[in-house]
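# Architecture at a glance
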Amino acid sequence: MALEIEEKPAARVPLGAAIRKDNWWLKPLLTVIGLGIFAVYATLRAFENNYYAVPWGAAGEGHGHTYLSPFYSPLLPFRYSIAGWAISPALYILVFPLLFRMTCYYYRQAYYRAFFWDPPACAIPEPSARKHYHGERAFPLILQNMHRYALYAALVFLVMLWWDVIQAFNFNGRFGMGLGSLLMLGNIVLLTGYTCGCHSLRHLVGGRMDCFTCPMNANAEHAEVRTGYRAWRFVSRLNLNHMQWAWSSLGSVILTDLYIRSVASGAIQDLRFF
Ligand code: FES
């Protein structure tokens, strides 16, 4: 006897209704908290204009520094002031990393959802329908396309921050290591992972060729194709966890600066291993 299966019609979801029953609001909430903490901390530190470098010796022997806060790197040779108020160099410096983060493809998705509810999550409707929505093809959101140029600046900053890390193991001309050296090293590794996993960098190193194995590339220099492919694979691997690199590097910047500020202000002593 043939078995008859009765097919039930799929449940109808009214147009515009939310179909998610999970905690979809948790991610936008954590984004607001995380970015909010960073914005407040970075603003306070940028305007403080103090306690950003720890000199070589405990008593400031020599004329260099071992630790330098990432908010104040590089040390600028000039200072400006307005009506007696010294403008903090962090205000010039932070423009570049902030532009890089604000135009980052991952952060865009995160803050569009968390702050503009545009939409707040997949399958969750926007609070109100927009009459004129042009995406990122019209002003002001078209400015997000500056990300590729912000990447060039971020790569320059990365080199300068690596130099600071080398200095963090230099204690008045002698090799040494303190907790600050390790924090700065961890910070630059995370920043490198974040920057080198950038979507724009992925396009830059691999986008010149849409297909590495296609016959149209057969005449290209083999070594050039191979090198480009390896670089693209490396960036692609980092890109898989771009969100994790983004958040961990943001947290490590705060942690590193907080430690350097605490040592520079005398609130704590640097933990020196040798
Ligand atoms: Fe995130 Fe470029 S896409 S840093």
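Bear in mind the structure is a predicted one, so any value in this text is a computation, not a measurement. (Residues numbered from 1 in each chain as written. Predicted model: local features only at pLDDT ≥ 70, side-chain atom pairs only at ≥ 80, totals over all residues. Heavy atoms only, no water.)

Moving on: the nonpolar core. Ranked by internal contacts, the top residues of the largest apolar core, which has 46 residues, are F38, Y67, F71, F100 and Y107. Taken together, the elements giving at least two residues each to this core come down to α1 (26–48), β2 (65–68), α4 (105–116), α5 (147–167), α6 (179–196), α8 (222–240) and α9 (242–264). It is α9 that provides the largest number of residues to this core, a total of seven residues. Leave out the neighbours within four places in its chain, and F100 touches H147, A150, L151, A154, Y194, T195 and C198. (Core = buried A, V, L, I, M, F, W, Y, C linked by side-chain atoms within 4.5 Å. Buried < 20%, exposed > 50% of the residue type's maximum accessible area, 1.4 Å probe, protein only. Helix = DSSP H or I, 4+ residues; strand = E, 2+ residues; numbered from the N terminus. Contact = heavy atoms within 4.5 Å.)

Moving on: the environment of G64. Turning to its location among the elements, G64 is positioned in the loop between β1 (53–55) and β2. The sequence separation of G64 and V54 amounts to ten residues, and the corresponding C-alpha distance is 8.7 Å. Non-local contacts of G64, meaning those with residues more than four positions away in its chain, are made with P55 and W56.

A separate point is the side chain of H242. Note on placement: H242 falls in helix α9. Relative accessible area serves as the criterion here: at 5%, H242 is assigned to the buried category. In this structure the side chain of H242 is engaged in a polar contact, spanning 3.4 Å, whose partner is the backbone oxygen of G197. Beyond its immediate stretch of four places on either side in the chain, H242 contacts C104, Y106, Y194, G197, C198 and H199. (Polar contact = N/O pair within 3.5 Å; in protein donor to acceptor, adjacent residues only side chain to side chain.)

Looking at the element boundaries, L68 is found in strand β2. For L68, a relative accessible area of 3% gives the class buried. Dropping the residues within four chain positions of it, L68 is found in contact with Y52, A53, S73, L75, D164, M184 and I260.

Leaving glycine out, the prevailing phi sign among residues is negative, and the prevailing peptide bond configuration is trans. Note the cis peptide between S73 and P74, where omega equals 5°. Of note, P74 is situated in the loop between β2 and β3 (81–82). Residue P140 is reached from F139 by a cis peptide bond, and omega for that bond is 5°. As for its position among the elements, P140 is in the loop between α4 and α5. A positive phi is found at Y51, a non-glycine position, where the angle reads about 55°. Look at Y51 and you get partly exposed, because its relative accessible area is 31%.

The next point concerns the packing of α5 against α6. Orientation of α5 relative to α6, taken along the N-to-C sense of each, is 160°, at an axis distance of 10 Å. Here α5 lies roughly antiparallel to α6, going by the angle between them. In this structure, α5 meets α6 at a crossing whose hand is left-handed. Between α5 and α6, the residues in contact are L151, A154, L155, L158, L161, W162, D164 and V165 and M184, L185, I188, V189, L191, T192 and T195, respectively. For the contact of α5 with α6, a count of residues per class yields twelve nonpolar, two polar and one charged. (Axes fitted to C-alpha atoms, helices over the stretch in contact; angles between N-to-C directions. Parallel < 35°, antiparallel > 145°, perpendicular 65-115°, else oblique. Left-handed = near helix turned anticlockwise from the far one by under 90°. Nonpolar A, V, L, I, M, F, W, Y, C, P; charged D, E, K, R; others polar.)

Counted under the stated rule, the structure contains zero disulfides. C196 takes part in no disulfide bond, and the closest cysteine sulfur to it belongs to C198, at a distance of 9.3 Å. Its relative accessible area of 16% is what places C196 among the buried residues. (Disulfide = S-S within 2.5 Å.)

Next up on the list: the packing of aromatic side chains. Counting across every chain of the model gives 20 aromatic pairs. When the centroid spacing of 4.2 Å and the interplanar angle of 15° are considered together, the rings of Y52 and Y72 count as stacked. You can see Y52 sitting in the loop between α1 and β1 and its partner Y72 sitting in the loop between β2 and β3, a full 20 residues away along the chain. Y52 gets classed as buried once you look at its relative accessible area, which sits at 16%. A relative accessible area of 1% means that Y72 is categorised as buried. Between Y106 and Y107, the aromatic rings sit 5.4 Å apart at their centres with planes inclined by 55°, giving tilted as the arrangement. For Y107, a relative accessible area of 3% translates into the label buried. (Phe/Tyr/Trp six-rings, centres within 6.5 Å; stacked < 30°, edge-to-face > 60°.)

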